[in-house]
Amino acid sequence: MMFVVGTAAVLLALVLAVAAALRGPTVFDRLLAGNTIGTLAILLLAVFGFWAGRPEWLDIALTYGFLNLIGTLAVLKFFRHGDLAYDVEEDGAIDSEASS
Amino acid sequence: METFVITVLLTLLAIVTVAIIRQRNMYSVVILSSVYSFLMASVMLVLDAVDVAMTEASVGAGISTVILLATLYLTGTREYPTARGTGIPLFVSVVVGAALVWGTFELPAFGLADTVIHKHTAPLYIEMSQKHQMPPNIVTAVLADFRSFDTMGEVTVIFTAGIGVLMLLSGRRRRDEVEVVKVTESVETFGDDVADENEPDGPNGSAA
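Residues numbered from 1 in each chain as written. Chains lettered and ligands numbered in written order. Predicted model: local features only at pLDDT ≥ 70, side-chain atom pairs only at ≥ 80, totals over all residues. Heavy atoms only, no water.

A short note on the overall build of chain B
Inference 1: For chain B, the count of helices and strands is nine helices and zero strands.
Inference 2: Along chain B, helices (α) and strands (β) appear in the sequence α-α-α-α-α-α-α-α-α when read from the amino end.
Inference 3: Contacts in chain B between residues far apart in sequence, at least 24 positions, make up 48% of those at least 6 positions apart.
Inference 4: For chain B, the accessible surface area stands at approximately 14,700 Å², while carbon and sulfur atoms represent 66% of it. (Helix = DSSP H or I, 4+ residues; strand = E, 2+ residues; numbered from the N terminus. Contact = heavy atoms within 4.5 Å. Areas by Shrake-Rupley, 256 points an atom, 1.4 Å probe, with all protein chains shown as cover.)

Examining a nonpolar patch on the surface
Residue and element names in this part refer to chain A.
Inference 1: Side chains of M2, F3, V4, F50, W51 and L58 sit close together on the surface and give an oily, nonpolar patch of about 520 Å² of accessible area.
Inference 2: Only α1 (2–23) and α2 (27–51) provide two or more residues apiece to the nonpolar patch.
Inference 3: At three residues, the largest contribution of residues to the nonpolar patch is made by α1.
Inference 4: Relative to the helices and strands, F3 is located in helix α1.
Inference 5: A residue is classified by how much of its surface remains accessible, and F3, at 31% relative accessible area, is partly exposed. (Patch = residues over 30% accessible without salt bridge, like charges linked within 9 Å, V, L, I, M, F, W, Y side chains within 5 Å. Salt bridge = Lys/Arg side-chain N within 4 Å of Asp/Glu carboxyl O. Buried < 20%, exposed > 50% of the residue type's maximum accessible area, 1.4 Å probe, protein only.)

Quick word on the interface of chain B and chain A
One frequently used descriptor of interface size is the decrease in accessible area upon assembly of the parts.
Inference 1: Across the contact, 35 residues belong to chain B and 34 residues belong to chain A.
Inference 2: Carbon and sulfur atoms make up 83% of the area that chain B and chain A hide from each other, which totals about 3,100 Å².
Inference 3: Sorting the residues of chain B by area buried against chain A places M1(B), I31(B) and F38(B) first, and these three jointly supply 21% of that buried surface.
Inference 4: Remark: the boundary between chain B and chain A carries one salt bridge.
Inference 5: Linking D48(B) and R54(A) is a salt bridge whose minimum nitrogen-to-oxygen distance equals 2.9 Å.
Inference 6: On the surface where chain B and chain A come into contact, there are three residue pairs in polar contact (both at pLDDT 80 or more).
Inference 7: Elements represented by at least two residues in the side of chain B that touches chain A include exactly α1 (2–22), α2 (26–46) and α3 (50–74) of chain B.
Inference 8: Counting residues per element, the side of chain B that touches chain A draws most heavily on α2(B), which supplies 11 residues. (Buried area = accessible area lost by both parts, 1.4 Å probe. Polar contact = N/O pair within 3.5 Å; in protein donor to acceptor, adjacent residues only side chain to side chain.)

Comments concerning the pattern of salt bridges
Inference 1: A full pass over the atoms with the stated rule returns two salt bridges over all chains.
Inference 2: Notably, a salt bridge pairs E56(A) with R54(A), separated by 3.4 Å at the nearest N-O pair.
Inference 3: Judged by relative accessible area, E56(A) falls into the partly exposed class, the value being 45%.
Inference 4: Classification of R54(A) as partly exposed rests on a relative accessible area of 29%.
Inference 5: Each of R54(A), E56(A) and D48(B) takes part in a single network of salt bridges with overlapping partners.

Things to note about α3(B)
Inference 1: Here α3(B) spans 35 Å end to end across 25 residues, near enough to the 36 Å set by a 1.5 Å rise per residue.
Inference 2: Largest kink in α3(B): about 35°, centred on S64(B). (Expected span 1.5 Å × (residues − 1). Bend = angle between axes of the 7 residues up to and from the residue.)

What to know about the nonpolar core
Inference 1: One finds L14(A), I37(A), Y64(A), L9(B) and L39(B) to be the most contacted residues of the largest nonpolar core, which totals 41 residues.
Inference 2: Mapped onto this core, the elements with two or more residues apiece are α1, α2 and α3 (57–81) of chain A together with α1, α2 and α3 of chain B.
Inference 3: Apart from the residues within four sequence positions on either side, I37(A) is in contact with L14(A), A17(A), V18(A), A21(A), V35(B) and F38(B).
Inference 4: By size, the runner-up hydrophobic cluster in this structure holds 12 residues, among which are V27(A), A74(A), V75(A) and L69(B). (Core = buried A, V, L, I, M, F, W, Y, C linked by side-chain atoms within 4.5 Å.)

Here is the structure:
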């Protein structure tokens, strides 16, 4: 029963997050909503796994967490540098511009 | 419970798909397609196909997002509406989709153990994987032991494709570096006039 309620709550949050992803006026709003959806997918995996009697799915939830983090970081790096393998010196120049 | 979860997830998938079609900013399209992959992975998870869900999440939401963003960096980020009509493509899509749905009517019910595909080689796999002390997960045993050469071929194909993509992306960057060298050489050799001509085509102009 507890897992059913948990799954329903996660699904409701998923609906809200998708609504935010569709509405978000800027790209960063959508990115935040996308990150939230990834986190909710992890929660759904965990709760549904316990409901289905497969608690070992938690290991896969850990891998999902890494993927979500790396994906968001990659997208943000592209926004900032336009490249995954950016030049460190160039980055320092941008930082000094931002601080001054 | 499974039916309810799958219904909600598939409804969200349909909504996200329509949003992807209507969206014109390509960055938003990339993020929404990553959202699509996470939802699809959740559907596969509820259908008890955790390995497929894992692949969908890592390839769909991870790698292809990065590759699409790299493509957007090389091209533009805005999609302009096409001048051509959408009637014929829509008709073809609807007909192909209807044919696929029609094809599913002949399939046996989901999870039915009494069908042909579960009677041909599956009992042999189950029996042999226990007999030969293979991994406890029979799907893993089939992929990594019974069909290991097949899996090795698949891995080779994916590895080759990855190397090809890397070569394509790095080849572009090397050409940029060559252009930089050319511009600096021409600055040293011919002076300011040639440098002014070259600058708009240089990497600084295209990166901005």
